[in-house]
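Summary of the model geometry
Residues per chain, in single letters:
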Amino acid sequence: MPVDDEQPGDPIDILLVEPSPGDTRLFTESFRDGKLANCLHTVSDGESAIDFLHQRGGFADAPRPNLVLLEPNLPATGGRDVLSELQNEPALSDIPVTVLTSSDVGEDIARSHGIEADHYIQKPIEPDEFIAFVQSVEDFWLAIIEEPVADD
């Protein structure tokens, strides 16, 4: 579904690409407990993310995500490969991507490794920080649907 068809309060499908089971659990719990209406889908590697996006294999019934949260350090098929797939595939190129960085200089590091995304958010370290993270995702999402990206 194109971004500009979304309305504030509509449930969104979020694809979380996160290799750490502990972080995945914290993300899942935080989104469940947060106020953002969403359906969080999780995969642990880049190959699964690409299959999810293309609805291949075990992901044949997967929804098209409205937002991708991407940890760039993935086993095998890395974050840069997932971003490249999203950017180079016309059917996927309008899906916003937020790269999860591990520090306040993470955006600079990600960019230096060729990882260009729509947005960068520092990954929470403490469980309490995940609530603020959920709020930042909600703020980001609301900004997107209120001011959709113009088509070039």
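Conventions adopted
Residues numbered from 1 in each chain as written. Predicted model: local features only at pLDDT ≥ 70, side-chain atom pairs only at ≥ 80, totals over all residues. Heavy atoms only, no water. Helix = DSSP H or I, 4+ residues; strand = E, 2+ residues; numbered from the N terminus. Buried < 20%, exposed > 50% of the residue type's maximum accessible area, 1.4 Å probe, protein only. Areas by Shrake-Rupley, 256 points an atom, 1.4 Å probe, with all protein chains shown as cover. Polar contact = N/O pair within 3.5 Å; in protein donor to acceptor, adjacent residues only side chain to side chain. Contact = heavy atoms within 4.5 Å. Core = buried A, V, L, I, M, F, W, Y, C linked by side-chain atoms within 4.5 Å. Pairing = 2+ DSSP bridges. Right-handed = clockwise from strand over helix to strand, strands pointing away.

Quick look at the overall build of the protein chain
Of regular secondary structure, the protein chain possesses 5 helices and 5 strands. Mapped from its N terminus to its C terminus, the protein chain presents α and β elements in the order β-α-β-α-β-α-β-α-β-α. The buried share of the protein chain, reckoned over its 152 residues, is 43%. Accessible surface for the protein chain amounts to roughly 8,100 Å². Of this, 47% is attributable to carbon and sulfur atoms.

A closer look at unusual backbone geometry
Positive phi outside glycine occurs at Gln 55, with the angle close to 55°. The phi angle at Ala 76 is positive, at roughly 60°, despite the residue not being glycine. Examined against the element boundaries, Ala 76 turns out to sit in the loop between strand 3 (67-70) and helix 3 (79-88). Exposure remark for Ala 76: the relative accessible area of 79% places this residue in the exposed category.

Description of the side chain of Glu 71
Tracing the backbone through its elements, the reader meets Glu 71 in the loop between strand 3 and helix 3. Overall, Glu 71 belongs to the buried group, its relative accessible area being 7%. Reaching out from Glu 71, the side chain makes a polar contact with the backbone nitrogen of Asn 73 at a distance of 3.0 Å. When near neighbours in sequence (up to four residues on either side) are disregarded, Glu 71 contacts Val 17, Glu 18, Pro 19, Gly 79, Leu 100 and Lys 123.

Here's the deal with the side chain of Glu 18
Here Glu 18 shows up in the loop between strand 1 (12-17) and helix 1 (21-33). In this structure the side chain of Glu 18 is engaged in a polar contact, spanning 3.0 Å, whose partner is the backbone nitrogen of Ser 20.

Observations regarding the nonpolar core
Residues Leu 15, Val 17, Leu 53, Val 68, Leu 70, Val 82 and Leu 86 are the most contacted members of the largest nonpolar core, which totals 18 residues. Within the residue set of this core, elements represented by two or more residues are strand 1, helix 2 (46-54), strand 3, helix 3 and strand 4 (97-101). With 4 residues, helix 2 is the largest single contributor of residues to this core. Membership of the second largest hydrophobic core comes to 12 residues, among which are Ile 12, Leu 16, Leu 40 and Ile 121.

Quick notes on the pairing of strand 4
The side chains of a regular strand alternate between the sheet's two faces. Counting buried positions along strand 4 yields 5 of 5 residues, so the element is predominantly enclosed. On strand 4, burial covers both faces: Val 97, Val 99 and Thr 101 on one face and Thr 98 and Leu 100 on the other are all buried. In this structure, strand 3 lies alongside strand 4, joined through 3 bridges in parallel fashion. Its bridge partner lying in strand 4, Leu 70 is registered against Val 99. You can see the chain leave strand 3, run along helix 3 and come back into strand 4, and the turn it takes is right-handed.

Remember that the coordinates give geometry; whether it matters functionally is a separate question.
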